[in-house]
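Here is what each chain is made of, one letter per residue.
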Amino acid sequence: MTTPAGGVERAEGWPGEPWPSSAHRAGADAGHPGELVLGGVGVHALAAEHGTPAYVVDEADFRARARAYREAFETAFARVGTGVDVYYAGKALLTVAVARWAREEGLRVDTASGGELAVALRAGVPGAEIGLHGNNKSDGEIGAALEHGVGRIIVDSLAEVDRVAALAAERGAVAPVMVRVTTGVHAGGHEYISTAHEDQKFGLSVNPGPDGGDAPAMAALLAVLARPSLRLLGIHSHIGSQILDGAGFEAAARAVLRLRADLAERTGTLVEEVDLGGGYGIAYLPGEEALDPRAVAEDVAAAVATVCEELGTELPRVSIEPGRAVVGPAGVTLYRVGTVKPVLVTGEDGATFTRLYVSVDGGMSDNIRPALYGARYHAEVVGRRSAEPGVLARVVGKHCESGDIVVHEVELPADVRAGDLLAVAATGAYGRSMASNYNLLTRPPVVAVRDGASRLLVRRETVEDLLALDLG
């Protein structure tokens, strides 16, 4: 095994980013020469036992990345004199087993709905180690959080402050809350996943309105302090997703810490915690580099310490919420190739060329991100080696939709054919959690691999499951 800068051990012969750390090609003496092996299990065995499409998650890789983030941030913030909590952002992928893995590696769990909360609780995560997000939580979701002693409810609007306060008062409880703010720091790979600019649904602005009164964020903080059934834990910020530069986190930390100091000056209350959210970027294509947790932890810790010193305030306890950065690289989606069709294409310059359309047995129902965000992925034929030259290809799904693209552009061997196994890397985050039954396809299983064995975490849906929901 080898260990690169990110602190995650790699299998010998690891093909490099964006594949999981255990990934390697089997040698010529193996039963299937050249096949991809994940967690010690060959893809032919995975396909035979679990079928395709299938989400495959390298458990050891997930755990190693979880540890890498926890240890990097604990070390960096201990150096400046404060503590840190790392929450796994369950929206990326949450199953009972995944929640258990996160907790066993010292992470807490962040949820964004009643369903995610229920899964975390079933996994045995204590309520005190769970956070509940959401810009439009129902009374039932808030009630469940109060019933199970959720450690933090992140309020997202002034109206929600009133609702949480009322529901807590009805139960004779005091709800621990954080206020989510928008700092104006705009970071991330696509407008829809950048969440700190003003013109979007999340959070409360730190900037005063046109009338010169209190900023919405300050108004919400004051409203929380005024309600006996609420306890103000701190301030929450999330600036976006797929961030590959730590400067955005530093700028957001500065804005949040200034708001914290302003609140203390005005009320005498210096909140104890600041959450800087998640969004840590990963590699999706060969040659790309993920954000190094140790480097970003050092930069953010130094920025927090510097700003607090400038403001004359004590250091807060800090929390962060990596999701994609933990599970994204650990996951691979395994497909079976069907129709292969060369298509003559006219480029923008008027020249014509051939693009090979390679259809697989899944598509936008198991990974909507290419259609939704234009997300780019990497695919390879993984059941065998080929001596044929590579050709320009597009991997597409089987849905009745021209935008059903799995991989926009990739080089595949010229002899790619029906029956081949094809894998798409770095699909651990948001594939399963955003999956649908479009065209009434059944959702794939989630399969964990580790130490030469595989096990089913979430079974494949069946047509019987679909029919059972349809009451006619």
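Residues numbered from 1 in each chain as written. Predicted model: local features only at pLDDT ≥ 70, side-chain atom pairs only at ≥ 80, totals over all residues. Heavy atoms only, no water.

1. Focus: helix α2 (residues 59–80)
Helix length check: α2, at 22 residues, gives a terminal C-alpha distance of 32 Å against a target of 32 Å (1.5 Å per residue), a fit within 8%. A side-chain oxygen of the first residue of α2 lies 3.2 Å from the backbone nitrogen of Ala 60; this N-cap is Asp 58. (Helix = DSSP H or I, 4+ residues; strand = E, 2+ residues; numbered from the N terminus. Expected span 1.5 Å × (residues − 1). Polar contact = N/O pair within 3.5 Å; in protein donor to acceptor, adjacent residues only side chain to side chain.)

2. Let's talk about the layout of surface pockets
Within this model, the second largest pocket holds a volume of roughly 330 Å³. If you go around the second largest pocket, you meet 16 residues; those closest to its centre are Leu 94, Thr 95, Val 119, Arg 432 and Val 458. Of all the elements, helix α4 (residues 114–122) adds the most residues to the lining of the second largest pocket, at five residues. Tallied by class, the residues present in the lining of the second largest pocket amount to seven nonpolar, four polar and five charged. (1 Å grid on protein atoms, 1.4 Å probe; cavity = no way out; pocket = protein on both sides within 12 Å on 5 of 7 lines; lining within 4 Å. Points joined across faces, edges and corners; volume = space filled by probe spheres on them. Nonpolar A, V, L, I, M, F, W, Y, C, P; charged D, E, K, R; others polar.)

3. Observations concerning the confidence of the model for the protein
Looking at the protein as a whole, its pLDDT mean stands at 93, while 95% of the residues score no less than 70. Low confidence marks residues 189–197, where pLDDT is under 50. Its contacts with residues over four positions away, or in another chain, come to 32 contacts. (pLDDT = per-residue confidence, 0-100. Contact = heavy atoms within 4.5 Å.)

4. Some details on empty space enclosed by the protein
In this structure the tally under the stated criterion is two cavities of 30 Å³ or more. Of all the secondary structure elements, the ones that give two or more residues to the lining of the largest cavity are β4 (54–58) and β14 (331–346). Taken together, the residues that form the lining of the largest cavity break down as five nonpolar, three polar and one charged. As a volume, the second largest cavity reaches approximately 40 Å³.

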